Amino acid sequence: MRCLILGGAGFLGSHLCDALTAAGHEISIFDRPGASLACRGGLTVSEGDFSRLTEAQFAELLQGIDVVYHLVSTTVPSNEDSLLDVQTNVMPTLRLLEACKKKAVRVVFFSSGGTVYGKPQCIPIKEEHGTNPICSYGVQKLAIEKYLQLYQHAAGLEYVILRIANPYGVRQVPFTTQGVVATFLAKALLGESLEVWGDGSVVRDYLYVGDVARAAALALHYQGPERIFNIGSGSGHSLTELLETLETAVGRALEVRYRPGRKQDVSVNVLDIARAQAELHWQPQISLLAGVQAMRDSWQPATRRFEG
């Protein structure tokens, strides 16, 4: 299969590149100018500003492509600029879908299992759970999901939506606004104190990036009746438990400072992954401790990055 990965030079995209290349697929990637290319092997690489691409430019990128993986997100979970979320994520995605419709290219969209559901009514969260996001990031992800459904209904566009939990792992960039595992571990390795929002009771579903890539690769050939899949670890860990895991990995106690909780953070989010297990024949394989240890072993002090 010929696959285009939008956001293919990044953390998730580079692991997806590896998984698809290993399976013998032909890969092209698109990412922002100057993005650090962590992918392996000879790839066709295009650069540009996703938010400014025209429908014609998307059509050019899709030339000869069977499946496009849409991993690009120009913003992070917050409520700081809803207009920016729409302008730089939703609008360009609509231009992409127009091009996909005309060229009959299948779409695999990386949505957010951590934000589209909002405050959960039950745990673990099934795909049928209500979607009431409490941050703009979740709203724009859900809007794109709805447009995919609309394009399928109106034009027969084929798609799969992966609602991904909290991914972490080797190559993740620490010290950003996303990726608590990477930032906490990097600070621990540097001997710095850690800052926790709330009392440490917030529970999240942490999933190793290699498991995400395998699920996405399996979605490539999926022809079953489902369109939306939760992709998570199958279990939740509180921030306190994460800190304990980090202490085990680095072999010493950590200095932690606590700050007031944030309004956009739901108290618990754990995804039900039974559908992905049954339909995609996928199962997460890497435990939180094993994943953190792999990150620790890949840490490069000179660059302050997790390389691998």
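Residues numbered from 1 in each chain as written. Predicted model: local features only at pLDDT ≥ 70, side-chain atom pairs only at ≥ 80, totals over all residues. Heavy atoms only, no water.

Novice: Would you mind going over the sheet that holds strand β4 (residues 67-70) in detail, with residue names and values included?
Specialist: Spatially, β3-β2-β1-β4-β5-β6-β11 is the arrangement adopted by the seven strands of the open sheet, whose pairing is parallel. Edge positions in the sheet fall to β3 (44-47) and β11 (228-231), since each of these pairs with one other strand and no more. Neighbour-to-neighbour, the strand axes of the sheet open up by a mean angle of 20°, direction not taken into account. Here helix α3 (residues 82-103) sits on the sheet in contact with β1 (2-6), β4 and β5 (106-112), set at roughly 170° to β4. (Pairing = 2+ DSSP bridges. Helix = DSSP H or I, 4+ residues; strand = E, 2+ residues; numbered from the N terminus. Axes fitted to C-alpha atoms, helices over the stretch in contact; angles between N-to-C directions. Contact = heavy atoms within 4.5 Å.)

Novice: Just give me the short version of the nonpolar core, but keep the residues and values in it.
Specialist: Ranked by internal contacts, the top residues of the largest apolar core, which has 32 residues, are Ile5, Leu20, Tyr69, Phe110, Leu162 and Ile231. Where this core is concerned, the elements lending two or more residues are β1, α1 (11-22), β2 (26-31), β4, β5, β6 (159-164), α6 (209-219) and β11. A per-element tally of this core places α6 first, with five residues. If we skip the residues at most four places from it in the chain, Ile5 touches Gly13, Leu16, Cys17, Leu20, Ile27, Ser28, Ile29, Phe30, Tyr69 and Leu71. Membership of the second largest hydrophobic core comes to 27 residues, among which are Leu4, Val90, Leu97 and Ile144. (Core = buried A, V, L, I, M, F, W, Y, C linked by side-chain atoms within 4.5 Å. Buried < 20%, exposed > 50% of the residue type's maximum accessible area, 1.4 Å probe, protein only.)

Novice: Lay out the environment of Leu190 in plain terms, naming residues and giving numbers.
Specialist: Relative to the helices and strands, Leu190 is located in helix α5 (residues 180-190). Judged by relative accessible area, which is 31%, Leu190 ranks as partly exposed. Sequence separation between Leu190 and Pro301 is 111 residues, and the spatial gap between their C-alpha atoms is 8.1 Å.

Novice: Would you mind going over unusual backbone geometry in detail, with residue names and values included?
Specialist: In this model, Ile123 is joined to Pro124 through a cis peptide bond whose omega is 0°. Structurally, Pro124 is set in the loop between β5 and α4 (136-155). Unlike most non-glycine residues, Ala104 shows phi in positive territory, near 55°. Looking at Ala104, the relative accessible area reads 68%, which means it is exposed. Positive phi is not limited to glycine here, since Arg304 has a value of about 55°.

Novice: Provide a residue-level description of α6, including the pertinent values.
Specialist: Among the eleven residues of α6, eight are classified as buried, and the element is accordingly described as predominantly covered. Looking at α6, one finds that the buried residues are Val209, Asp211, Val212, Ala213, Ala215, Ala216, Ala217 and Ala219.

Novice: Now, about the packing of α1 against α6: what can you tell me, with residues and values included?
Specialist: When two helices pack together, their arrangement is given by the angle between the helix axes and by the axis-to-axis distance. It is the contact of α1 with α6, at a shortest axis distance of 9 Å, that shows an interaxial angle of 55°. Of the possible angle classes, the one that applies to α1 and α6 is oblique. You can see that α1 and α6 cross each other, and the crossing is right-handed. On α6, the residues touching Phe11, Leu12, His15, Leu16, Ala19 and Leu20 of α1 are Val209, Val212, Ala213, Ala216 and Ala217. For the contact of α1 with α6, a count of residues per class yields ten nonpolar, one polar and no charged. (Parallel < 35°, antiparallel > 145°, perpendicular 65-115°, else oblique. Left-handed = near helix turned anticlockwise from the far one by under 90°. Nonpolar A, V, L, I, M, F, W, Y, C, P; charged D, E, K, R; others polar.)

Novice: Tell me about helix α9 (residues 288-298), residues and numbers included.
Specialist: Regarding α9, the residues found buried are Leu288, Gly291, Val292, Met295 and Ser298. In a view along the axis of α9, the buried residues occupy a sector of 125°, so they form one face of it. (Arc of directions from axis to C-beta.)

Any functional reading would require information beyond the geometric quantities listed.
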